[in-house]
Amino acid sequence: MFVSFFPHPKLFFSSAAAWSLFLVLVWFSGGDAMGSAIGLGLPAPDTPPIIGITVLWSKPFLWFYIYFTLGVLIFYAFWRWYAPHPWQNWSILVTAVILFLIYFNVQVSVAVNNWYGPFFDYVQGLMSGTGQSTAGEFYQGAASFAWLALVGMNVSVINAFIVSHWIFRWRTAMNSYFMAYWTELRHIEGASQRIQEDTMRFSQIMEDLGSSFVQSIMTLIAFLPVMIGLQAHITELPIVGEVPQPLVLAALFWCLFGTVAVMVAGMKLPGLQFRNQRVEAAYRKELVYGEDHDDRAKPEITVALFDNVRKNYFRLYFHYIYFNVVRYTYLQADNIFSFIILGPSLVAHKITFGALNQISNAFGRVTGSLQFLLNSWSTIVELQSVHKRLRAFEATLQGAPLPEIDRHYLEREQAGVRPEDQPAH
């Protein structure tokens, strides 16, 4: 699954993580100021922050773009020398482009959050009658947000286009790799479906989870300092009272609570999803045989096979009831949690309208990044089931035992148990 697209996957991913960590540490240890050597240094401490789209091509940002590019090229050059791979342009360079576009959109979100404060304080002044303005000034402030939104939208569209091609390249690599060993793999139940469909689903889910994880990390790195700076407005938390770093502690507690609750509620789902693919494959396989053989796909056989499909789906639906109750209850409560913790400060008149919007947005971004497992649990469940199916290929090629459930069905098939008698659970 990985060796087809990445060179020496274990070493590759560990080196990518180590190199990324090194670059981050260098950046936050003074690397951000090194751009002054080429005239792209940090602004003076008393310089007011840039509000609006121009921040995205300010000197510190231009220096980061150069720094990121140099880091990627060094990593690419090492792997091109150490272990050349036919897909390394896509697995390294295009992956880096995708990561950069994710980072860029995170910075657009930070720029929007910085816009919230002065603009909504300005709106509050207009609403209370304490501020004077013209319609032109109002629309100019609104246009600042519009430009940021327009850039963010178009970058997202470009990223989605690149990601679509990246996913298909990975599928192509897996397809070519497995088809080269087709004679050894064809005996595995549903081998055609696993190559034709599961390779696409695996690459798509891995990209979705990977990009979501990276975006969560980048969002956390970008917004955590913002939230720490804004919590000067917060004096205490409900029930708890005064505590150090109140917003950070509230975010960590809330996300940990939700993640544990959803993981416990969804423990049974991966196995059920895998068995669901199993009974669907058995039913589809019999129908395919029935297209060419008159003695296959008889009504009594297809009825029994579809009954297995029905039983497994109904069992899956049942377990999703309490999983969704837990998940959606938490997500609904998440919509108002930031307002609850801001309650004492709002009542004490210590937060302006602009600060309220900034804190709520930053808090939501931080909690959203910490809720990666919670938001991705259904996708992780699907990935586990697809991985189990493709793992049978790798086990066969490596001479290792098949996964337990594949051994179970293979043993029953060798013992003469008919497909319609294979259990759905």
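Below you will find a few notes about this structure. Treat the numbers as computed from the prediction; the structure is a model and nothing was measured.

Definitions and cut-offs
Residues numbered from 1 in each chain as written. Predicted model: local features only at pLDDT ≥ 70, side-chain atom pairs only at ≥ 80, totals over all residues. Heavy atoms only, no water. Helix = DSSP H or I, 4+ residues; strand = E, 2+ residues; numbered from the N terminus. Expected span 1.5 Å × (residues − 1). Buried < 20%, exposed > 50% of the residue type's maximum accessible area, 1.4 Å probe, protein only. Contact = heavy atoms within 4.5 Å. Axes fitted to C-alpha atoms, helices over the stretch in contact; angles between N-to-C directions. Parallel < 35°, antiparallel > 145°, perpendicular 65-115°, else oblique. Left-handed = near helix turned anticlockwise from the far one by under 90°. Nonpolar A, V, L, I, M, F, W, Y, C, P; charged D, E, K, R; others polar. Salt bridge = Lys/Arg side-chain N within 4 Å of Asp/Glu carboxyl O.

Concerning the environment of Met153
(1) Moving on: Topologically, Met153 is positioned in helix H4 (residues 135-179).
(2) Moving on: Once the C-alpha coordinates of Met153 and Val108 are considered, the two residues, 45 residues apart in sequence, prove to be 9.9 Å apart.

Considering helix H2 (residues 59-82)
Turn by turn, an α-helix covers 3.6 residues, leaving residues three or four places apart pointing in a common direction.
(1) Moving on: Relative to the 34 Å expected for 24 residues at 1.5 Å per residue, H2 spans 35 Å between its end C-alpha atoms, a close match to the ideal helical length.
(2) Moving on: Within H2, the full set of buried residues consists of Phe61, Trp63, Phe64, Tyr65, Tyr67, Gly71, Val72, Phe75, Tyr76 and Trp79.
(3) Moving on: Those residues of H2 that are buried lie in contact with helix H1 (9-28) and helix H3 (88-128).

Some points on the packing of helix H8 (residues 269-292) against helix H9 (residues 299-341)
(1) Moving on: Following both chains from N to C, one finds H8 and H9 inclined at 160°, their axes separated by 9 Å at the closest point. Between H8 and H9, the crossing angle belongs to the class labelled roughly antiparallel. Judged by the twist between their axes, the crossing of H8 over H9 is left-handed.
(2) Moving on: Tallied by class, residues from the contact of H8 with H9 come to 14 nonpolar, six polar and four charged.

Considering the pattern of salt bridges
(1) Moving on: One pass over the structure, following the stated rule, counts two salt bridges.
(2) Moving on: Between Asp307 and Arg310 there is a salt bridge; the shortest N-O distance is 2.5 Å. Residue Asp307 and its partner Arg310 are both found in helix H9; the two are separated by three residues, about one turn of the helix.
(3) Moving on: For Asp307, the salt bridge goes to Lys311, with nearest N and O atoms at 3.2 Å. Remark: Lys311 and Asp307 occur in helix H9; sequence separation between them is four residues, near one turn of the helix.
(4) Moving on: Judged by relative accessible area, which is 24%, Asp307 ranks as partly exposed.

Remarks on unusual backbone geometry
(1) Moving on: Even without being a glycine, His8 presents a positive backbone phi close to 45°.
(2) Moving on: Positive phi, close to 60°, is recorded for Ala297, a residue that is not glycine.
(3) Moving on: Tracing the chain through its elements places Ala297 in the loop between H8 and H9.

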